[in-house]
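Below are the chains, spelled out letter by letter.
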Amino acid sequence: MVIEMANLLEVKDLKKYFPVRSGMPGFGQKWLKAVDRVSFTIAPGETLGLVGESGCGKTTVGRSILRLTKPTGGRVFFRGTELTALNGRKLRPFRPKMQIVFQDPYSSLNPRMIVLDLVGEGLQGVNPQKKKDLVVAVLERVGLSPEILYHYPHEFSGGQRQRIAIARAIVLQPELLVCDEAVSALDVSIQAQIINLLIKLRQEMKIAYLFISHDLAVVKHISHRVAVMYLGQIMEIAPTGRLFANPLHPYTKALLAAVPVPDPEFKRERLLLSGEARRGTDMDEGCRFAPRCPYAENRCHREEPPLVAVGDGRQVKCFLVKSK
Ligand SMILES: Nc1ncnc2c1ncn2[C@@H]1O[C@H](COP(=O)(O)OP(=O)(O)O)[C@@H](O)[C@H]1O
Ligand SMILES: [Mg+2]
């Protein structure tokens, strides 16, 4: 009997700490908690958006899941198998199942390789004719002509290069595609085309996405659910419609510029600037957002709120949002 796993991906208490020079010898090693106890799940075919300001740890989450970097702690399960318990050779069968598309197709595509080899690079044990057939089919899928097979990446526009990068990722028929700012470098009209392509591929191939972006508008369009990150932690996760209609966490409210915040002092601009004061080093206690939060109480500065379910498929990490 085949047991269908409810979750394609399960991330539990993921941590990635980077060593920081303390500047004072003898004062011990300090750690930048780039990712600090991050937990979420992605169902097969689901798109989870991951948003937050630059530097909050989004890329590090993606890289840790794909094991492009080794997590400091926590567990990652793919279809029920704990990837974080595997190394090297044992991890290899999972690699094709999880692919990534980066922000910059200019640097992520080898300029010395023709499209045929770029897109077909990951195909193992297939003869040249079969490889060509598979590459042509996948190019078609992403809206590119087979005529480009023998051309080099520099001959294409940014949007076309990103299509090539997507073709390269999906030729292996992944179940999970991490899109790390995959449309952020593109013009708005081209962004929409690539987003629509990703939505089409999701429907055709049942691929799940971890869709990382600092741009809320882009995330809103493609995601089933959205996780909001702040300084290495998830502050809120909710189905997309509910998050945008009614953000619960004070940080989410601040991020959604359209949502008025009652305190006139609490300007979005000020909020974005003052956050740098608190980095995710090991000195902190309390809620990481407390220093910038207009609603923070004494408790928020001393104690860290847990991420708790508040009903409607939502989770919020804030004492001031009542759980159901
Ligand atoms: N290899 C690294 N060494 C040290 N610090 C890093 C490294 N990679 C990322 N960081 C730091 O971790 C934090 C999160 O970075 P990142 O995951 O790139 O954020 P985001 O993708 O949200 O912009 C940042 O403070 C960044 O400077
Ligand atoms: Mg990033």
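Note: the structure precedes this text.
Figured I'd write up the structure that's included with this text. (Residues numbered from 1 in each chain as written. Chains lettered and ligands numbered in written order. Predicted model: local features only at pLDDT ≥ 70, side-chain atom pairs only at ≥ 80, totals over all residues. Heavy atoms only, no water.)

## A closer look at the overall build of the chain
And then number 1: If you tally the helices and strands in the chain, you get 12 helices and 12 strands.
And then number 2: Within the chain, the fraction of its 324 residues that count as buried is 49%.
And then number 3: Restricting the contact set of the chain to residue pairs at least 6 apart, pairs at least 24 apart contribute 64%.
And then number 4: Surface exposure of the chain reaches about 16,100 Å², of which carbon and sulfur atoms provide 52%. (Helix = DSSP H or I, 4+ residues; strand = E, 2+ residues; numbered from the N terminus. Buried < 20%, exposed > 50% of the residue type's maximum accessible area, 1.4 Å probe, protein only. Contact = heavy atoms within 4.5 Å. Areas by Shrake-Rupley, 256 points an atom, 1.4 Å probe, with all protein chains shown as cover.)

## Things to note about the pairing of strand 4 (residues 73-78)
And then number 1: Across 5 bridges, the pairing between strand 1 (residues 9-20) and strand 4 is antiparallel. Among the inter-strand pairings, Glu 10 is bridged to a residue of strand 4, identified as Phe 77.
And then number 2: Here strand 4 runs beside strand 5 (residues 81-82); their pairing, made up of 2 bridges, is antiparallel. Residue pairing in the sheet places Phe 77 in a bridge with Glu 82 of strand 5.
And then number 3: Counting the residues that bridge the hairpin from strand 4 to strand 5 gives 2 residues, and of these Arg 79 lies at a positive phi of roughly 45 degrees. (Pairing = 2+ DSSP bridges.)

## Focus on the site of ligand 1
And then number 1: In the neighbourhood of ligand 1, 12 residues make up the surrounding shell, with Gly 55, Gly 57, Lys 58, Thr 59 and Thr 60 lying closest.
And then number 2: Gly 55 has a polar backbone atom sitting 2.6 Å from an oxygen atom of ligand 1.
And then number 3: Measuring from an oxygen atom of ligand 1, one finds a side-chain N or O atom of Lys 58 at 2.8 Å.
And then number 4: In isolation ligand 1 exposes 560 Å². Once the protein is present, 60% of that is buried.
And then number 5: Elements with a minimum of two residues in the shell around ligand 1: strand 2 (30-42) and helix 1 (58-65).
And then number 6: For the shell around ligand 1, the leading source of residues is helix 1, giving 3 residues.
And then number 7: Broken down by class, the residue content of the shell around ligand 1 amounts to 4 nonpolar, 5 polar and 3 charged. (Near = heavy atom within 4 Å. Polar contact = N/O pair within 3.5 Å; in protein donor to acceptor, adjacent residues only side chain to side chain. Nonpolar A, V, L, I, M, F, W, Y, C, P; charged D, E, K, R; others polar.)

## Notes on helix 1
And then number 1: Burial within helix 1 is extensive, with 6 of its 8 residues counted as buried.
And then number 2: Every buried residue belonging to helix 1 is among Lys 58, Thr 60, Val 61, Gly 62, Ser 64 and Ile 65, and all of these are buried.
And then number 3: Positioned one or two residues after helix 1, Arg 67 has a phi angle of 60 degrees, which is positive.

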